[in-house]
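As a plain string of letters, each chain reads:
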Amino acid sequence: MLLIETQGLTKHYAAGEGTVAALSGVSLAVSPGEFVAAMGPSGSGKSTFLNLIGCLDRPTRGEYRLVGEDVSRLPPDRLAGIRNRRLGFVFQSFNLLPRADALANVELPLVYGSVGRRERRERAAAMLALVGLGERMHHRPSQLSGGQQQRVAIARALVNEPDLILADEPTGALDSRTGLEIMALLQGMNREGVAVLMVTHDAEIARFASRCLRFHDGRLVADEAQAPAAASAELAALDDGGARAA
Ligand SMILES: Nc1ncnc2c1ncn2[C@@H]1O[C@H](COP(=O)(O)OP(=O)(O)O)[C@@H](O)[C@H]1O
Ligand SMILES: [Mg+2]
């Protein structure tokens, strides 16, 4: 079964007297476990597309099936349930709760489910260990670096075992080396089976996906498979270079 299937997906926003066509007639299919990058200039409709796929918004026209279920006309409360069950979100600005420690941030998606308190803690702790933050579970976001905060956000996105991670410019606030670490983490999670749909305007980052979509003026103008670069190998090469220079 397909993970994502859209047919003529369209989103118009009211703007002054008229409307803006933020997204126009996007049709595509994504299989489980793919790693897809969505590229395009500012204003081309990338975030609008991600918000529709993420069930954060509803299309003006067109169809959207997520794991076979038509979600294009569901009311907001049903969409919230689908988001919680099937999707994980990663944002450029991390979007962590500032007063909660890493563990509580990662537990958050489980609070709305039926998971008991003890299991919540255990699953959140295991996720933090998986992203390399086992020693920092009780640090608040302000006590963590940008890269560490993004790791917490990725642990939070994964704790519900989603089918799909949606990431809007996940490395946009990070330096290039830290961005590479985040891409290595996302590629590792993708190898374990979770699909990734990542918006980026940065070709350096899009290289790590195995498929690249290009948007222009709200239209999907290109959709190509590509051989993905390996982020962990590039990191190792960087470290190796650094060690030799030292
Ligand atoms: N909530 C909104 N209300 C009105 N116009 C919007 C809204 N969101 C996006 N747009 C417009 O839709 C177009 C696509 O925006 P967006 O999806 O954010 O592009 P991108 O993420 O590629 O920069 C732009 O022209 C933008 O100004
Ligand atoms: Mg955007």
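Residues numbered from 1 in each chain as written. Chains lettered and ligands numbered in written order. Predicted model: local features only at pLDDT ≥ 70, side-chain atom pairs only at ≥ 80, totals over all residues. Heavy atoms only, no water.

## A short note on the site of ligand 1
1) Next: Every residue near ligand 1 is listed here: Y13, V20, A22, P41, S42, G43, S44, G45, K46, S47 and T48.
2) Next: A distance of 3.1 Å is found between an oxygen atom of ligand 1 and a backbone nitrogen or oxygen belonging to G45.
3) Next: A distance of 2.8 Å separates an oxygen atom of ligand 1 from a polar atom in the side chain of K46.
4) Next: Taken together, the elements giving at least two residues each to the shell around ligand 1 come down to β2 (18–30) and α1 (46–53).
5) Next: A total of three residues in the shell around ligand 1 trace back to one element, the largest contributor, which is α1.
6) Next: The residue makeup of the shell around ligand 1, split by class, is four nonpolar, six polar and one charged. (Near = heavy atom within 4 Å. Polar contact = N/O pair within 3.5 Å; in protein donor to acceptor, adjacent residues only side chain to side chain. Helix = DSSP H or I, 4+ residues; strand = E, 2+ residues; numbered from the N terminus. Nonpolar A, V, L, I, M, F, W, Y, C, P; charged D, E, K, R; others polar.)

## Quick word on the nonpolar core
1) Next: Within the largest apolar cluster, 47 residues are counted, with the highest numbers of intra-cluster contacts made by V106, L128, V131, V152, I154, M183 and M198.
2) Next: If sequence neighbours within four positions are ignored, M183 has contacts with F35, T171, M198, I205, F208 and A231.
3) Next: Core analysis: the next-biggest nonpolar cluster, separate from the first, contains 29 residues, V36, C55, Y64 and L74 among them. (Core = buried A, V, L, I, M, F, W, Y, C linked by side-chain atoms within 4.5 Å. Buried < 20%, exposed > 50% of the residue type's maximum accessible area, 1.4 Å probe, protein only. Contact = heavy atoms within 4.5 Å.)

## What about helix α5 (residues 146–158)?
1) Next: In this model α5 runs 18 Å from its N-terminal to its C-terminal C-alpha over 13 residues, within 8% of the 18 Å that 1.5 Å per residue would give.
2) Next: Those residues of α5 that sit buried are G147, Q148, Q149, Q150, R151, V152, A153, I154, A155, R156, A157 and L158.
3) Next: Turning to α5, the residues buried within the fold contact β6 (87–91), α3 (102–111), α4 (117–130), β7 (164–168) and α6 (176–191). (Expected span 1.5 Å × (residues − 1).)

## Let's talk about the packing of α5 against α6
1) Next: Axis separation between α5 and α6 bottoms out at 10 Å; the angle between their running directions is 20°. Overall, the two elements α5 and α6 adopt an arrangement that is roughly parallel. Crossing geometry of α5 relative to α6 is assigned as right-handed. Residues G147, Q150, R151, I154 and L158 of α5 form the contact with α6, whose own contacting residues are T178, E181, I182, L185, L186 and M189.
2) Next: Of the residues that constitute the contact of α5 with α6, the class distribution is six nonpolar, three polar and two charged. (Axes fitted to C-alpha atoms, helices over the stretch in contact; angles between N-to-C directions. Parallel < 35°, antiparallel > 145°, perpendicular 65-115°, else oblique. Left-handed = near helix turned anticlockwise from the far one by under 90°.)

## What to know about the sheet that holds strand β1 (residues 4–15)
In sheet architecture, strand pairing relies on hydrogen bonds along the backbone and comes in two forms, parallel and antiparallel.
1) Next: The antiparallel open sheet is built from four strands, whose spatial order is β2-β1-β4-β5. Edge positions in the sheet fall to β2 and β5 (69–70), since each has one partner strand and no second.
2) Next: In terms of strand pairing, strand β4 (residues 61–66) meets β5 through two bridges, oriented antiparallel. Residue L66 lies in a different strand from β5, and its bridge partner there is E69. (Pairing = 2+ DSSP bridges.)

## Points about helix α2 (residues 76–86)
Residues spaced three or four apart along an α-helix face the same direction, because each turn holds 3.6 residues.
1) Next: Looking only at α2, the buried set comprises L79, I82 and R86. Take α2 and look down its axis: the buried residues cluster within an arc of 60°, on one side only. Among the exposed residues of α2, those pointing more than 90 degrees away from its buried face are P76 and D77.
2) Next: In the core, the buried residues of α2 are packed alongside β4, β5, β6 and β7. (Arc of directions from axis to C-beta.)

By themselves, these observations are geometric and do not establish any function.
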